[in-house]
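Given next are the chains, with one letter for each unit.
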Amino acid sequence: MQHDRQPLLADLIARVAKADRRAFDELYEATSARLNALCLSILKDRREAEEVLEQAYIGIWKDAARFADSGLSPMAWLVTQARDRAVDRLRGLPAPVQAGAGNRLAGDGLELVRIAYLEGLDYPGLGQRLGMSADEARHALHEGLERLAGHTADEGESFATAEQALALRGGEPQDKAQFADWQERLARFAGDLTPVMAPARARQRIRESLGHGLAPLSFDPLERTPWWRGPFGIIAILVAVALAWYLWLR
């Protein structure tokens, strides 16, 4: 089902790159609940997630032209836009105290990769979550990456690139294609999350930040329309113009 939407999303992003506000509206409607779910999964706070979601869509509007050269599928590119910002926000917040969960995930490195991606945890955070050292968490995660990629653990450069895609390692990736491949693989974990609708105020703030007013997003039924924009307003304006014309002729 998600795969069937990729051509539509690619077309919408291409149109957004040309400053098509209606396309931006449709893109938001089609994807915001999934991106909001990812922001919530990482930040665990609705207000923080809401702000990051707004930043993500503002960035999508401004950077849509870069999608074509990203090497990613449309949904993976959108997910990456949101996750990168959510992880940046998470790393700037005070670290929460987590109770260790013992070794219940020991031996399941793939699940550890999933947690690292969907919760934005670094190695110390993963270790604390599992009740192990950061080095042990690194080793377990590499085993999971090996399963995800289908190659052996001696692929050190590939795993370093995967760590960059997970925001576990800084610096610019040496192999852009390999980096995009890891981003694509990892972004699939976002599909495991249940979509969560974003509040209407997030849409309005995106509009205001981009200077679009009510565009590019469609009419929001929760917003009250001023009387002068409705049919009574039009009638009142016509009556006022007719009255002014009559008085002027006299």
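Please refer to the structure higher up on the page.
Calculation rules
- Residues numbered from 1 in each chain as written.
- Predicted model: local features only at pLDDT ≥ 70, side-chain atom pairs only at ≥ 80, totals over all residues.
- Heavy atoms only, no water.
- Helix = DSSP H or I, 4+ residues; strand = E, 2+ residues; numbered from the N terminus.
- Contact = heavy atoms within 4.5 Å.
- Buried < 20%, exposed > 50% of the residue type's maximum accessible area, 1.4 Å probe, protein only.

## Some details on the side chain of E50
Moving on, step 1. Examined against the element boundaries, E50 turns out to sit in helix α3 (residues 46-63).
Moving on, step 2. Once you skip the residues sitting within four places of it in the chain, E50 turns out to touch P199, R201, A202 and R205.

## Section: unusual backbone geometry
Moving on, step 1. Notably, K44 is not glycine yet its phi reads approximately 60 degrees, a positive angle.
Moving on, step 2. Counting through the fold element by element, K44 comes out in the loop between α2 (21-43) and α3.
Moving on, step 3. Given a relative accessible area of 56%, K44 falls into the exposed group.
Moving on, step 4. Backbone geometry at A167 places phi at a positive 65 degrees, although glycine is not the residue there.
Moving on, step 5. Secondary-structure assignment places A167 in the loop between α8 (156-165) and α9 (176-187).
Moving on, step 6. Using a relative accessible area of 27% as the deciding quantity, one classes A167 as partly exposed.

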